Amino acid sequence: LSNPLASPSQSLDLVALSADVANIWVTGLRYLLAHPSVIGASGGVGGGVLPEGSLSVEGSLGSKMRSDKEKLTSHVTREEFQEAFCELCTRPDVYFLLVQLSKDRECLDPQDLRLFLETEQGLSLATTEGCWELLRRYEPSAQGREMGLMGIDGFARYLQSPECQLLDPEHQGVCQDMNMPLSHYYISTSYRSYLLDDQVHGRADLGGLIKALQAGCRCLELGITDGPEGEPLLGVDLGPDIPLTIRSALEVINKYAFLTSQYPLLIYLCHRCTPSQQRVMAQHLKKVFGTRLYTPEALPVTLGGRATTLPSPEQLKGRVLIVGKKLPSELDDSDGEVSEEDEEIGGGGPLAGRRMTIPGEEELGVVLVVPPPSQPRKLRLHKELSDLVSIVRTGSRSFYAQRATFKLAQQQSPPSSPCSPGEAGRLSSESPEDLVMFTKRTLTRVRPSSVRLDSSNPNPQGYWKGGVQLVALNQQTPGAMLDLHRGRFSQNGGCGFVLRPAVMRDEVSYFSAHTQGCVPGVPPQTLRVISAHNLPKPQGSGAKGEVIDPYVVLELHGVPADCAEQRTRTAAQNQDDPLFDETFEFQVNMPELALLRFVVLDDDYIGDDFIGQFTVAFECLQPGYRNVPLLGLAGEPLPHSSLFVMDGPCLSLIGRSTCQSRPSQPAQTLNNIQNLL
């Protein structure tokens, strides 16, 4: 390979060990010749007073151009500005890809684009007409659209478009079968979302309920206590603050209940009210929700095949279901007694008789045991409220009863079994197969421990793999656990219902949540992290320097055999467009339960080093070159911030003559060429 660089009489001879390596070098040299500022080539006029028509450029763009042009002034000519702007807007990773796809023409025609969609993006049904449509949509140049050619700018716009995101666009709408029983779905569940602060002294606010519903939650917990003048209150009356009545909470819920999702909303009632205020509560429920309120006899379900007592989300569209305690059907009195097992009131509840894991010490097995009361608590329940309950809270005792008798207890209303987190964790560890079998017919709910006074969240993945459908989380507490929750329910159109794996639905099947072995013959899944773009500084980093040192962590959450964590190298002093180009392999034995979380961190930032993250269900990954939009700590989109990745076995076109060649590493190649020059 001979490449004249210094002068016509001098040349640099490079000998490659293989044809693939030679192709990589050629690609890198073409890029360097087209963008001389990358290797420090200077041009234009020197410093001093500029002629008329010059520009004054400030900010990061100006500093980058001054660095490239070796200037000591903030003034550049229009020609210099145009040249530097084009260089800044040209992404090397996209340029390398474009050169190989276009056979050195630096633009794509519809046939090139179709080949790319079929071989790299996994779109086997791509058509020439569809490629023309993409070209017209994303190519900014009118001349390029007329000639049927997509340049570097249009190609970059296409790769950053929503249809090239890592999350399969099919899951932007409801795409799963919604005609199965409720127990066959994971259901997005919130825990005390109306509390602003901690679980004991937290003040109730209706904004939390609104945010939970807007986020797609389909099960809300309401803690209700007796209030003055016979009006039940939401949470606990803490004194100087104006208390919220349950009527105002129900009206807000009714307003926002079905704006994000049309599928059923479950209201989980936790109360310790007198029968008279229970009657008022029942009247509010009927008056506010009206025909939306579902009762078991309101919608008869025709059962086919094996009997089930749970209707489907499709049958319950637009309906509100009440979950709570229920009186025996044969009771004729206006009220009666029920066990207060697992009863807990928002804003602080009883700890007596509970075995609870200390937050942050679940792995150590540290628990807090509070002696139970001498006599079981009883609750007087008004029949009018009891009649509105369509899903009965039976307590964890129903699990042990089923395991002992190998059959489900039949009740008039569908059963629901709440478990404390310590108990649910113990059941999933000691009897994982029995717990999965139990959840095939029964809705099971787990809430955060009562000793999590800071409203922190447990890891929901540990309960999902045990089959638990309703894993209640504090929606007001951001962090990794809530990121997993959002990633799980971002699929299926964000409707709040996600179909569980088939092994958790089929009557004749076996599944253990703690299987450590790998499935024979399953090939590893490959993911390549190419680059990041427009990364913001971490929150609270105002005192830090101008640039950050980002790196990417990839977390795989699933069954024990699948859990893994890997990271890229650190891209030192590079905030705008850090290039990583590293390939990782993950062994995924059960993709139906796996979640992939990308976390971007600042390597040398002390304390708050979080930059952004994105979590996605493994089954929703699109193959090919994809962009990953980054989210902030509270789940808000970070404007224009993203990762560029490649998902699939065919890892790179860069430096390859055919699609079957081995993957290349353009970042390392570019650095090597710069060193040689």
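Each chain has its residues counted from 1, running along the sequence as written. Reporting of local features is limited, given that this is a predicted model, to residues whose pLDDT is at least 70; pairs of side-chain atoms are given and counted only at 80 or more, and all residues count toward the totals for whole chains, interfaces and linings. Heavy atoms from the whole structure form the basis of all side-chain values; hydrogens and water molecules are not counted.

Engineer: Describe the overall build of the protein, with residues and values.
Structural biologist: Across its full length, the protein carries 18 helices and 26 strands. Each residue is placed in one exposure class: buried if its accessible area under a 1.4 Å probe, protein chains only, is under 20% of its type's maximum, exposed if it is over 50%, and partly exposed if it falls in between. A burial count over the protein gives 52% of its 677 residues as buried. Restricting to contacts in the protein with at least 6 residues of sequence separation, those with at least 24 account for 71%. Summing over all exposed atoms, the protein offers an accessible surface of approximately 29,900 Å²; the carbon and sulfur share of this is 53%. What counts as a helix is a DSSP run of H or I of at least four residues, what counts as a strand is a run of E of at least two, and both are numbered from the N terminus. It only takes one pair of heavy atoms within 4.5 Å for two residues to be counted as in contact. For accessible areas, the Shrake-Rupley method is used with a probe of radius 1.4 Å. Any residue's cover is judged against the shown protein chains and nothing else.

Engineer: Now, about helix α11 (residues 275-289): what can you tell me, with residues and values included?
Structural biologist: Between the first and last residue of a helix there are one fewer steps than residues, each counted as 1.5 Å, and that sum is the expected span. In this model α11 runs 21 Å from its N-terminal to its C-terminal C-alpha over 15 residues, within 8% of the 21 Å that 1.5 Å per residue would give. Among the residues of α11, those classed as buried are Gln-277, Gln-278, Val-280, Met-281, Ala-282, His-284, Leu-285, Val-288 and Phe-289. Where α11 is buried, its residues touch β6 (219-225), α10 (246-256), β8 (265-271), β9 (320-324), β13 (378-382) and α12 (383-386). Looking at the residues trailing α11, positive phi occurs at Gly-290, about 55°.

Engineer: Help me get a handle on the packing of aromatic side chains, residues and values and all.
Structural biologist: Each Phe, Tyr or Trp ring, with Trp reduced to its six-membered ring, pairs with another whose centre is within 6.5 Å; inter-plane angles below 30 degrees give stacked pairs, above 60 give edge-to-face pairs, and intermediate values give tilted ones. Tallied over the full model, the rule gives nine aromatic pairs. Here a set of aromatic residues connected by ring pairs shows up, and it is made of Phe-116, Phe-155, Tyr-625 and Phe-644. Only Lys NZ and Arg CZ are tested; either one counts as a charge over a ring when it is within 6 Å of the ring centre and within 35 degrees of the ring normal. We note Arg-445 situated over the ring of Tyr-268; from NZ or CZ to the ring centre the distance is 3.8 Å. One cation-aromatic arrangement involves Arg-567 over Tyr-551; the distance from NZ or CZ to the ring centre is 3.8 Å.

Engineer: Lay out the nonpolar core in plain terms, naming residues and giving numbers.
Structural biologist: Grouped together as the largest cluster of nonpolar side chains are 50 residues, with contacts concentrated most on Val-552, Leu-554, Leu-596, Phe-598, Val-616 and Leu-643. Domain delimitation in this document rests on an assignment produced automatically or drawn from a domain database. Each of domain 2 (183-298 + 309-340 + 377-406 + 441-504) and domain 3 (525-647) accounts for three or more of the residues forming this core. In contact with Leu-643, other than residues within four places in its own chain, are Ser-531, Ala-532, Val-552, Phe-598, Val-600, Arg-626, Asn-627, Val-628 and Leu-630. Counting 41 residues, the second largest nonpolar core, distinct from the first, contains Leu-195, Leu-269, Leu-293 and Ile-322. Think of a nonpolar core as a cluster: buried Ala, Val, Leu, Ile, Met, Phe, Trp, Tyr and Cys residues, connected wherever their side-chain atoms sit within 4.5 Å.

Engineer: An account of the packing of helix α4 (residues 92-101) against helix α8 (residues 152-159) is needed here, citing residue identities and associated values.
Structural biologist: The axes are straight lines fitted to the C-alpha atoms, using for helices just the contacting stretch, and the angles between their N-to-C directions are given from 0 to 180°. The interhelical angle for the contact between α4 and α8, taken along N-to-C directions, is 115°, at an axis separation of 10 Å. The angle between α4 and α8 falls in the class roughly perpendicular. Handedness of the α4/α8 crossing: right-handed. Of the residues in α8, those touching α4 at Val-94, Tyr-95, Leu-97, Leu-98 and Leu-101 are Ile-152, Phe-155, Ala-156 and Leu-159. Partitioned by chemical class, the residues of the contact of α4 with α8 number nine nonpolar, no polar and no charged. Angle categories are assigned with fixed cut-offs, so that under 35 degrees is roughly parallel, over 145 is roughly antiparallel, 65 to 115 is roughly perpendicular, and the rest are oblique. By definition, turning the near helix anticlockwise from the far helix through less than a right angle yields a left-handed crossing, and turning it clockwise yields a right-handed one. Here the nonpolar group is Ala, Val, Leu, Ile, Met, Phe, Trp, Tyr, Cys and Pro; Asp, Glu, Lys and Arg are the charged ones; every other residue, Gly included, is treated as polar.

Engineer: Give me the lowdown on the pairing of strand β26 (residues 637-647), citing residues and values where you can.
Structural biologist: Counting buried positions over the 11 residues of β26 gives eight, a clear majority of the element. In this sheet, β26 lies alongside strand β19 (residues 525-533) in antiparallel orientation, the contact comprising six bridges. Opposite Leu-527, over in β26, you have Asp-647 as the bridge partner. Strands pair, by our definition, only if DSSP identifies at least two bridges between them. Pairing of strand β25 (residues 624-631) with β26 involves seven bridges; the strand directions are antiparallel.

Engineer: Provide a residue-level description of the pairing of strand β14 (residues 389-393), including the pertinent values.
Structural biologist: In terms of residue burial, β14 counts as a mostly covered element, since five of its five residues are buried. Strand direction decides the pairing type here: β9 and β14, joined by three bridges, are parallel. For Val-323, the partnering residue across the bridge sits in β14 and is Ile-391.

Engineer: Kindly report on the pattern of salt bridges, identifying the contributing residues and their values.
Structural biologist: Throughout this description, the term salt bridge denotes a Lys or Arg side-chain nitrogen within 4 Å of a carboxyl oxygen of Asp or Glu. Summed over the entire model, instances satisfying the criterion amount to 19 salt bridges. Put simply, Arg-114 and Glu-118 hold a salt bridge, and the shortest N to O gap is 3.1 Å. Within this pair, Arg-114 and its partner Glu-118 are both found in helix α5 (residues 110-119), separated by four residues, close to a single helical turn. Residue classification places Arg-114 among the partly exposed residues on the basis of a relative accessible area of 28%. For the salt bridge of Lys-286 with Glu-384, the shortest nitrogen-to-oxygen distance reads 2.9 Å. In this pair, Lys-286 is assigned in helix α11 and Glu-384 in helix α12, connecting sequence segments 98 residues apart. For Lys-286, a relative accessible area of 39% gives the class partly exposed. The network of salt bridges with shared partners includes Glu-133, Arg-136, Arg-137 and Glu-163.

Engineer: Which residues make up the side chain of Arg-488, and what values do they have?
Structural biologist: For Arg-488, the location among the structural elements is in helix α17 (residues 480-489). Only four residue types enter the charge count: Lys and Arg as positive, Asp and Glu as negative, with His and the chain ends excluded. Here Arg-488 sits buried without a salt bridge, and the closest side chain of opposite charge, Glu-619, lies 7.4 Å off (N-O distance). Ignoring anything within four residues of it in the chain, the contact list for Arg-488 reads Tyr-186, Gln-461, Trp-464, Val-498, Glu-592, Leu-593 and Leu-595.

Engineer: Give me the environment of Pro-478: which residues, what numbers.
Structural biologist: Mapped onto the secondary structure, Pro-478 falls in the loop between β17 (470-473) and α17. Apart from residues lying up to four places away in sequence, Pro-478 is in contact with Leu-633 and Ala-634.

Engineer: Kindly report on the environment of Phe-618, identifying the contributing residues and their values.
Structural biologist: For Phe-618, the location among the structural elements is in the loop between β24 (610-617) and β25. For the pair Phe-618 and Arg-488, spaced 130 residues apart in the sequence, the C-alpha separation amounts to 9.4 Å. When residues no more than four places from it in sequence are discounted, the contact partners of Phe-618 are Gln-525, Leu-556, Val-588, Pro-591, Ala-594, Leu-595 and Leu-596.

Engineer: Could you give me a rundown of unusual backbone geometry, with the residues and numbers involved?
Structural biologist: Working note: non-glycine residues mostly have negative phi, and peptide bonds are mostly trans. Even without a glycine there, the phi angle at Asn-534 is positive, about 55°. Inspection of the secondary structure puts Asn-534 in the loop between β19 and β20 (550-557). With a relative accessible area of 42%, Asn-534 lands in the partly exposed category. Despite not being glycine, Asp-581 shows a phi value in the positive range, around 50°. Assignment of secondary structure puts Asp-581 in strand β22 (residues 579-586).

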